[in-house]
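Tertiary structure, described
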Amino acid sequence: MRELSNSPAQSLIDLVKCSKPDITSVVLVHDLRYVEWVENECSKGFHYIDPDTYVTEHTYNVALAFATTARDAAIDAVRTSTPWFILARPGGHHAGRSGPAMGAPTLGFCIFDYISVAAKTLINQGLRVMIIDFDAHHGNGTQEILWDEPKALHIDIHQRWIYPGTGGLEDVGGLNAKGTKINIPLYPYSNDSHYAYIINNIIETARNVFQPDVILVFAGFDAHKDDKLTQLRVTEDLYSLFGHYLRELLEDKLVRGLISILGGGYGKGMVKSLKSYVEGLTGVSRKPSISETSLQDDILNALRKNLNLLKTTVETS
Ligand SMILES: [Zn+2]
């Protein structure tokens with residue numbers, strides 16, 4: 001957070017430590033056998049558990065602490081309407097119920113899916129959650145875990161044809177949850193104007209239909225134009241817009257809680273983007289004006305059908 005030191009946002013931020021690790025948080029969404037396997041692997045010290053993902057002797061406790069923090073933050077966010085930002089790394093959205101999700105080749109750096117822990121905590125309290133995952137990679141772990149959960153609307157904006165290779169337009173949710181999973185697989189070189197269109201038209205329409213109590217954001221910044229892992233062309237202005245949009249929903253009491261969890265971001269763009277997002281969330285920057293560019297026809301046609309399915313599910317559940 002050093003880069004925020006000259007920012008007026010800093011005076012609005014309370015830094016708090018993670019919760020103490022508690023296994024009951026993580027077994028809300030992961031099989032106990034997988035959790036025990038992670039613990040056993042970590043006891044062996046530093047090594048790769050797959051070609052992307054390494055663990056150390058500390059990984060199990062750290063990942064468990066983040067999962068427990070996600071649970072506790074979810075409860076506090078609703079009680080106080082204070083926005084939370086959990087600075088976890090890695091973020092967790094590729095971790096499925098019992099390992100790599102939806103046929104992905106690896107865990108993609110991730111150990112436990114913190115956003116699903118927060119979602120399940122809130123759903124168990126009878127609340128409806130909307131997940132916005134704007135990390136450039138598809139949140140296949142989150143989708144797998146919440147696939148048939150009608151109280152979790154999961155909107156995932158990502159670049160198509162890159163790791164983990166999931167998140168197609170046809171993935172709209174299980175039998176009990178049709179339409180509640182909205183995948184937006186963007187073409188390479190999509191930019192701020194495409195994302196502005198998505199916020200103003202897709203996300204806002206879905207939110208209006210679904211009427212969530214809480215919004216959970218998987219805030220990965222690897223769609224930034226300077227990030228070498230992807231070919232998306234987002235700038236820090238877009239992340240500022242996201243921050244302002246979410247803050248306004250909370251201020252206007254359209255939602256009761258807002259929690260962000262840090263996702264990917266692997267270059268200088270990460271520093272600028274995180275700062276812009278937090279300044280938008282705290283309202284210390286001016287909201288940027290970004291023109292909209294509509295999405296390609298294949299995406300738009302699928303999203304229209306997806307939103308109709310969501311309406312039907314909301315009306316009948
Ligand atoms: Zn990513």
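Residues numbered from 1 in each chain as written. Predicted model: local features only at pLDDT ≥ 70, side-chain atom pairs only at ≥ 80, totals over all residues. Heavy atoms only, no water.

1. Some remarks on the pairing of strand β7 (residues 152-159)
- For β7, the buried fraction is high: eight of the eight residues fall into the buried class.
- Residues Ala152, His154, Asp156 and His158 point to one face of β7 and Leu153, Ile155, Ile157 and Gln159 to the other, with burial holding for every one of them.
- Pairing of strand β6 (residues 129-133) with β7, which is carried by five bridges, proceeds in the parallel orientation. Bridge pairing in β7 places Ile132 opposite Ile155.
- Running through helix α5 (residues 140-146), the crossover from β6 to the neighbouring parallel element β7 is right-handed.
- Here β7 runs beside strand β8 (residues 181-186); their pairing, made up of six bridges, is parallel. Paired with Ile155 across the bridge in β8 is Ile182. (Buried < 20%, exposed > 50% of the residue type's maximum accessible area, 1.4 Å probe, protein only. Helix = DSSP H or I, 4+ residues; strand = E, 2+ residues; numbered from the N terminus. Pairing = 2+ DSSP bridges. Right-handed = clockwise from strand over helix to strand, strands pointing away.)

2. Thoughts on the packing of aromatic side chains
- The full count for this structure, using the stated rule, is 16 aromatic pairs.
- Here the aromatic rings of Tyr60 and Phe112 are separated by 6.4 Å at their centres, their planes lie at 75°, and the arrangement is edge-to-face. Highlighted residues: Tyr60 in helix α3 (residues 59-80) and Phe112 in the loop between β5 (99-100) and α4 (114-123), separated in sequence by 52 residues. The exposure classification of Tyr60 matches that of Phe112, with both residues buried.
- Among the aromatic side chains, those forming a connected cluster through ring pairs are Phe85, Phe134, Phe221, Tyr239, Phe242 and Tyr277. (Phe/Tyr/Trp six-rings, centres within 6.5 Å; stacked < 30°, edge-to-face > 60°.)

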